[in-house]
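Remarks on the overall topology
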Amino acid sequence: NGGSNDWESGLILPDLPFPVAYNTKVEIKCRDSFERVSGSGDYYCSGGRNYYQVPVQDHLKCLLKASVREMCYLPKVDFGGSDVSGDPRENVASLEACINICKTVSGCKAFSFHEGSNRCWLKSVLFTTETSGYATNSEAVSGSINMDCIYGSCEAGSYMTAHGCMKCPDGQYSVAGATYCTDYTVERRESCFLPKVDFGGSDVAGNPRENVANLDMCIKACREDASCKAAVYDEDSKRCWFKSVTFTTSTSGYRTDSEVVTGSINMDCIYRSCDAGSYNSKHGCMECDAGSTSTAGAWECTKCDAGTYSTKGAAECTVCAAGTFSNVVGATECTQCSAGSYSAEAATACTKCSAGTVSADKGATECTKCAAGTFIGTEGGTECTQCSAGSYSAEAATACTKCSAGTVSADKGATECTKCAAGTFIGIEGGTECTQCTAGSYSAEAATACTKCSAGTVSAEKGATECTKCAAGTFIGIEGGTECTQCSAGSYSAEA
């Protein structure tokens, strides 16, 4: 769906459908420059442009931004020759279909398309206004496109046009991948200029240049010489020395407080832009220190937020992994959570394990529930304790529960209590052993007390589960009897 934001977090889908082949690269617009994008793979935005390249998986449908196509399209421009075998392609429904054909055909660098006849001519070279056969206001074609204009990325100091990469004009600079150049200001020049700094050697042939009116003219002249990387200028003598290297404080012959020259300047400082993870300085691109990052073209690095960290020269801060944390701005590494605590990703602090849970080792990503039969009653625990005999617990217990009367647990670590068997009992909570009923009494299962045998019945042994009726000719007239008595001569009895 063109223009929707519901595909991958951080991406904005453009509005022009454009099918692409498996495992090719296409450009997708980012919601914010240099934003790290989550989803199926790690995607990053390139410096300076609103587009970047990602590998297309077979389950993705990628789209091409219409405004990019329009910037690259040259209406009624044609150029003869340099045809790819098989030209022209017939019955090509649209300009987008012609783009797709060129993209999937090996060796296709550009194409011309005629809307009226639906023909597409694939070209093996990138064309410019100087290309043989280049013609404007052509009636033969609707227009032409260089594929690099859509999918390519120019170096810092140049910019993308419909005719390919073009060097920035004098007095302008660009970041890598730019579609335009920016005027360099007096403030930029002054920020790059090092007064009274000189360095010997690394001279470009023809030094010194004489009668150079001012520093800006020295810069301009150096800019026009491909071998000139830095310039040294003396205002009094109007001399300009071209240098073949970008200098630093470690460059051979580097010296400060020179009385020989007015000062020196690195061309990269003015015209180019440092990559993400470094920053522009008078001595060229300098890597960001660990704990900080930068976007392309930055003049300073930004410290990482708490919950993230970076190594030296990193283009972006990395979130702390689950089980670690950083609680300061500008962290160079994340610290493992101590035993008894845990953390999720990007944590600024670790969280103590709640009662009933523990983490035994450093770097836990979650706490583990205490198993049934164990417990812990405090936060920040590292080990669960077994329940004592006479008690039990379920999973994640903060305390053990005493066995109720009529039940027992004989060993440590019980997950439940056992009912006293028939013929035994226990009358208190927290018991570890059931007691046999005495002779003359009995009990059912889970008894909290034994019951005396009623008159006419007896139990002769301990642990009786029921009482026995007195046989005919015998009797017992009291409760709790253990033996029946025979009837005397002259009397009788039936069974109880």
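Rules of the game
- Residues numbered from 1 in each chain as written.
- Predicted model: local features only at pLDDT ≥ 70, side-chain atom pairs only at ≥ 80, totals over all residues.
- Heavy atoms only, no water.
- Helix = DSSP H or I, 4+ residues; strand = E, 2+ residues; numbered from the N terminus.
- Buried < 20%, exposed > 50% of the residue type's maximum accessible area, 1.4 Å probe, protein only.
- Contact = heavy atoms within 4.5 Å.
- Areas by Shrake-Rupley, 256 points an atom, 1.4 Å probe, with all protein chains shown as cover.
- Pairing = 2+ DSSP bridges.
- Salt bridge = Lys/Arg side-chain N within 4 Å of Asp/Glu carboxyl O.
- Polar contact = N/O pair within 3.5 Å; in protein donor to acceptor, adjacent residues only side chain to side chain.
- Arc of directions from axis to C-beta.

For the protein chain, the helix and strand inventory stands at six helices and 45 strands. The buried share of the protein chain, reckoned over its 496 residues, is 40%. Look at the contacts in the protein chain between residues 6 or more apart in sequence, and 47% of them connect residues 24 or more apart. As displayed, the protein chain has an accessible area near 25,300 Å², and 48% of this comes from carbon and sulfur atoms.

As a further point, take the pairing of strand β8 (residues 119-123). Side chains on a regular strand alternate between the two faces of the sheet. Of all five residues in β8, four are buried; the element is thus mostly enclosed. As paired strands, strand β7 (residues 110-114) and β8 are joined by five bridges and run antiparallel to one another. Note that in β8 the partner of histidine 114 across the bridge is arginine 119. Joining the antiparallel neighbours β7 and β8 is a turn of four residues, in which asparagine 118 adopts a positive phi near 55 degrees.

Taken as a whole and assessed by the stated rule, the structure comprises eleven salt bridges. In this structure, aspartate 203 and lysine 243 form a salt bridge, with 3.0 Å as the shortest nitrogen-oxygen distance. Separated by 40 residues along the polypeptide, aspartate 203 in the loop between β15 (198-199) and α5 (215-224) and lysine 243 in strand β17 (residues 239-243) bring together distant segments of the chain. The partner of lysine 369 in a salt bridge is glutamate 395, with the nearest N and O atoms 4.0 Å apart. Here the residue lysine 369 occupies a position in strand β31 (residues 368-369), and glutamate 395 occupies one in the loop between β34 (391-392) and β35 (401-402), the gap between them amounting to 26 residues. Across the pair, glutamate 395 and lysine 369 agree in class, each one exposed.

So, on to the environment of alanine 372. Along the chain, alanine 372 turns up in the loop between β31 and β32 (374-375). For alanine 372, a relative accessible area of 34% puts it in the partly exposed group. Residues alanine 372 and glutamate 416 lie 44 residues apart in sequence; the distance between their C-alpha atoms is 8.8 Å. The contact partners of alanine 372, leaving out residues within four places of it in the chain, are Ser393, Ala394, Glu395 and Thr415.

With respect to the helices and strands, the residue threonine 424 is situated in strand β38 (residues 424-425). Accessibility expressed as a relative area gives 13% for threonine 424, which makes it buried. At 2.6 Å, the side chain of threonine 424 forms a polar contact with the backbone oxygen of alanine 421. With residues up to four places along the chain from it excluded, the contact list for threonine 424 reads Cys434, Thr435, Gln436, Cys437, Ser443, Ala444 and Ala447.

Before going further, it helps to examine α5. Turning to α5, its buried residues are Leu215, Cys218, Ile219, Cys222 and Arg223. The arc enclosing the buried residues of α5, seen along the axis, measures out at 135 degrees, which places them on a common side. By the N-cap criterion, in which a side-chain oxygen at the helix start approaches the backbone nitrogen of a residue two or three places on, α5 is capped by asparagine 214, the distance to aspartate 216 being 3.2 Å.

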